[in-house]
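Breakdown of the fold
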Amino acid sequence: MMMMLTPERMAPLKARRLGIDTHHEPTLYLPAHSHVCRSEGFESLSRVLITTHQNLHLIASLNIVTGELLADDEVGFSESAWQRLELNAKDPVWLSHPKPVQSLSHVRAKVYGHELDDLQFQSIINDIVDGRYADVHLAAFITACGDDNLTDKEITSLTQAMVKSGNIVDWQLPMVVDKHCVGGLPGNRTTPIVVSILTACGLTVPKTSSRAITSPAGTADTMETLTEVSLTLEQMRQVVGSQGGCLAWGGAMHLSPADDLLIQVERALDIDSEGQLIASVLSKKIAAGATHVLIDIPVGPTAKVRSQEAADRLAESFRVVAANLGLKLQVLLTDGSQPVGRGIGPALEAHDLLAVLQNLPSAPQDLKQRAEQVAGAMLAMVKEISVEEGVALAEETLNNGSAWAKFRAICEAQGGLRQPPVAHYRYALVAERKGRISQIDNRILAKIAKLAGAPADPAAGVEIQVKLGDEVECQDILLMIHAENAGELNYAVEYLNDHTEVIQLDSNDQGVPIQPC
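All of the points below concern the structure found in this document. (Residues numbered from 1 in each chain as written. Predicted model: local features only at pLDDT ≥ 70, side-chain atom pairs only at ≥ 80, totals over all residues. Heavy atoms only, no water.)

1. Notes on the overall build of the protein
The cut-off we apply is this: Numbering of helices and strands starts at the N terminus; helices are DSSP runs of H or I of at least 4 residues and strands are runs of E of at least 2. The globule rule used here is 2.2 Å times the number of residues to the 0.38 power, and the radius of gyration it is set against is calculated over C-alpha atoms. Here the Shrake-Rupley method, with its probe set to 1.4 Å, supplies the accessible areas, and only the displayed protein chains count as covering residues.
For the protein, the helix and strand inventory stands at 18 helices and 18 strands. Relative to its length of 517 residues, the protein is compact, with a C-alpha radius of gyration of 25 Å against a globular reference of 24 Å. Accessible area of the protein: about 21,800 Å², with a carbon and sulfur share of 50%.

2. What about the sheet that holds strand β2 (residues 27-31)?
In plain terms, the rule: Strand pairing is defined by DSSP finding a minimum of two bridges between the two strands. Every axis in this analysis is a line fitted to C-alpha atoms, fitted for helices over the stretch in contact. Angles between the N-to-C directions lie between 0 and 180 degrees.
If you walk around this closed barrel you meet the six strands as β1-β5-β2-β4-β3-β6, and the pairing is mixed. Between one strand axis and the next, the sheet turns by 50° as a mean value, whatever way the strands run. Two strands pair when backbone bridges link them, and strand β1 (residues 13-20) and strand β5 (residues 74-78) are joined in this way by five bridges, in the parallel orientation. Paired with I20 across the bridge in β5 is S78.

3. What to know about the environment of R443
Let me state the cut-off plainly: Burial here depends on accessible area, computed with a 1.4 Å probe over protein chains only, as a share of the maximum for the residue type. Under 20% is buried, over 50% is exposed, and the range in between is partly exposed. The term polar contact refers here to a pair of N or O atoms within 3.5 Å; inside protein, the definition further demands a hydrogen-donor-capable atom paired with an acceptor-capable atom, and it admits residues adjacent in sequence only when both atoms are side-chain atoms.
Among the structural elements, R443 can be located in helix α17 (residues 442-451). Overall, the relative accessible area of 39% leaves R443 in the partly exposed class. At 2.8 Å, the side chain of R443 forms a polar contact with the backbone oxygen of A303.

4. A few points about the nonpolar core
For clarity, the threshold we go by: We define the nonpolar core as a collection of buried residues of types Ala, Val, Leu, Ile, Met, Phe, Trp, Tyr and Cys that are connected through side-chain atoms lying within 4.5 Å of one another. In what follows, a contact means two residues having at least one pair of non-hydrogen atoms within 4.5 Å.
By size, the foremost hydrophobic cluster in this structure holds 45 residues, and its most contacted members are F141, L282, I295, I297 and F318. No other element matches the seven residues that helix α12 (residues 308-324) contributes to this core. In this structure L282 touches T159, F318, V321, A322, L327 and L329, once residues within four positions along its chain are discounted. If you look at the next biggest cluster of nonpolar residues, it comprises 39 residues, including L332, V374, L379 and L398.

5. Regarding the side chain of H24
With respect to the helices, strands and loops of the structure, H24 is situated in the loop between β1 and β2. Residue H24 is classed as buried on the basis of its relative accessible area of 17%. Within polar-contact distance, the side chain of H24 engages the side chain of D135 at 2.9 Å. Dropping the residues within four chain positions of it, H24 is found in contact with S80, R84, D135, Q264 and V265.

6. A few points about the pattern of salt bridges
Stated precisely, the cut-off is as follows: Just to be clear on terms, a salt bridge is a Lys or Arg side-chain nitrogen sitting within 4 Å of an Asp or Glu carboxyl oxygen.
A complete count under the given rule lists 17 salt bridges for this structure. One salt bridge in this structure joins R211 and E224, with 2.9 Å as the shortest N-O distance. Within this pair, whereas R211 is found in the loop between β8 (205-209) and α8 (219-224), its partner E224 is found in helix α8, the two being separated by 13 residues in sequence. What makes E224 partly exposed here is its relative accessible area of 32%. Close ionic contact of K434 with E473 constitutes a salt bridge, the shortest N to O distance being 3.7 Å. Of this pair, K434 sits in the loop between β13 (425-430) and β14 (435-440) while E473 sits in the loop between β16 (471-472) and β17 (477-483), and the two are 39 residues apart along the sequence. Counted as one network, the salt bridges with shared partners bring together D178, K207 and K285.

7. Overview of the sheet that holds strand β7 (residues 177-181)
Taking strand neighbours across the sheet as the criterion, the three strands line up as β7-β10-β11 in an open arrangement whose pairing is parallel. Of all strands in the sheet, those bounded by a partner on one side alone are β7 and β11 (328-335). Pairwise comparison of adjacent strand axes, ignoring direction, gives a mean angle of 20° for this sheet. Where strand β10 (residues 292-299) and β11 come together, eight bridges link them in parallel fashion. What sits directly across from I297, in β11, is L333.

8. A closer look at unusual backbone geometry
Note that the residue after A454, namely P455, is joined by a cis bond; omega there is 0°. Its place among the elements puts P455 in the loop between α17 and β15 (461-464). Unlike most non-glycine residues, L45 shows phi in positive territory, near 80°. Here D147, not a glycine, exhibits a phi torsion of approximately 55°, which is positive. Residue position: D147 is located in the loop between α5 (135-144) and α6 (152-164).

9. Thoughts on helix α11 (residues 274-287)
To be explicit about the condition: Multiplying one less than the number of residues by 1.5 Å gives the expected span of a helix.
Over its 14 residues, α11 extends 20 Å from the first C-alpha to the last, a length consistent with the 20 Å expected when each residue adds 1.5 Å. For α11, the buried fraction is high: 12 of the 14 residues fall into the buried class. Residues G275, Q276, L277, I278, A279, S280, V281, L282, S283, K284, K285 and A287 constitute the buried set of α11. Of the residues one or two after α11, G289 is the one with positive phi, at around 90°.

10. Some thoughts on the pairing of strand β3 (residues 47-52)
Burial runs high along β3: five of the six residues are buried. One ladder, built from five bridges, connects β3 with strand β4 (residues 57-65); its direction is antiparallel. Looking at the pairing, R47 lines up with S61 of β4. Where β3 folds back on β4, the antiparallel hairpin that results is connected by four residues, among which N55 adopts a positive phi of roughly 65°. Here β3 runs beside strand β6 (residues 92-96); their pairing, made up of four bridges, is antiparallel. Across the sheet, residue T51 finds its bridge partner in β6, namely W94.

11. A closer look at the environment of K368
Topologically, K368 is positioned in helix α14 (residues 365-383). Considered as a pair, K368 and A392 are 24 residues apart in the sequence and their alpha carbons are 13 Å apart. Beyond its immediate sequence surroundings of up to four residues, K368 is in contact with V356, N359, E395, L398 and N399.

12. Some details on the packing of aromatic side chains
Where we set the bar: Pairing of aromatic rings covers Phe, Tyr and the six-membered ring of Trp, with a centre-to-centre limit of 6.5 Å; geometry is then stacked below 30 degrees between planes, edge-to-face above 60, and tilted otherwise. Should the NZ of a Lys or the CZ of an Arg lie within 6 Å of a ring centre and within 35 degrees of the ring normal, that charge is described as sitting over the ring.
Using the criterion set out here, one finds two aromatic pairs in the structure. When the centroid spacing of 5.9 Å and the interplanar angle of 70° are considered together, the rings of F77 and W82 count as edge-to-face. Across this residue pair, the class does not change: F77 and W82 are buried. Centroid distance W404 to F407: 6.1 Å. Interplanar angle 20°. Geometry classified as stacked. Of this pair, W404 and F407 both sit in helix α16 (residues 402-414), three residues apart, which is roughly one turn of the helix. Per residue, the accessibility class of W404 equals that of F407, and both read buried. Cation over ring: R211 sits above W249, and NZ or CZ is 4.5 Å from the ring centre. Over the aromatic face of W171 sits the side chain of R237, whose NZ or CZ is 5.6 Å from the ring centroid.

If you want it as structure tokens, here you go:
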């Protein structure tokens, strides 16, 4: 009788840290002449189950290397794999084949247009959280669910599965409020202002935010230039307990952890489909314990949601899914025709929101008014007052300094308030002639900011100096690109040179030529 060798009975390999950044995906490296490759039939891109001497387990993707990088008895680890397994140099590890991932059959079914049920979505999400999916599998699932391929029933099932995959916070309160903007509008950083207003008015707002997916900055990216955002669940409880709210990154708290894994691949694919957007947003809100949620949907020709018809369809799906999940939800459709504030990028947006909270004369008034509009709608929703009364209360809370005091207190509770950084390199786009600003392209602006380095470089981005309808003179600055190094500034300027239609003067102008300052 042939005896099957378990990983513990096979000869171990010595762990070696290679210091290779593979982002979130754990990766292994074996020499081509390794006896394990021959005995196990491993080849490049194989999925491999790693078992450590401490009985920790991880599934990783395999790369085969040639040359003398690794000895026959060594296995190399990427940084993400090394950290997750808490390894030390030369620790013994065993490699074997993982069990087949059964839920991939459900992904294939979705690829071919079949509707999935609760159990199928739960199986997929469980396997994603357990690390059984490589990025290629995640990409297949994301793509299969894109292009409006999810029904409201499927979105509900996906949302429930994502909630169940991680921690769920119960605040033991009858009312916990939260908000989310679907994005697509550069500089629309109202959340820190809104949270400060609402908590100053006595509401509980445990705000967890994501990092940027397809934009130059997410709320977590912007707040990270001002304070600590990577809070544990217990730290979040302490901050909310003392201040009534927080402004934290949700990825550190294991709230709907599948969402964070999906976002990593959505960012690489530059995909943010409506069905997964709804599941992502609502799963985070429910997991964070929210009972009342406002969804801000900017609508404009170059925003993420471009038409009233698309906005109405998205809003109705949000309402249906929220009702299925027992969540009180209100949708606010807002103007998405141009950027909000002046800054586009983490630090630039942080400077804007600080100016609004401190009531500085230089504060962008459109950001202030938009924050008051969102906060006013939320106050009206939960305090049973009119929207006009809600907006008036939000404005008063900003003007009298209460919101600024609350923001400072929240930041101090999260680790201290700091000044956002400033970029070293800048480039100005100026008007070639007199004219009136007739169009601003949100998508091109966002692309320029990302090419300049945002959000990875916190100080990078774009500072826009004009609004629709403004009259400009020859040589007036229209926008300023900020970058932390010359190379990325050059990338952004080169793209701008090819897309001078980003800001148009008058209805018949095709663009503004670049003029160096």
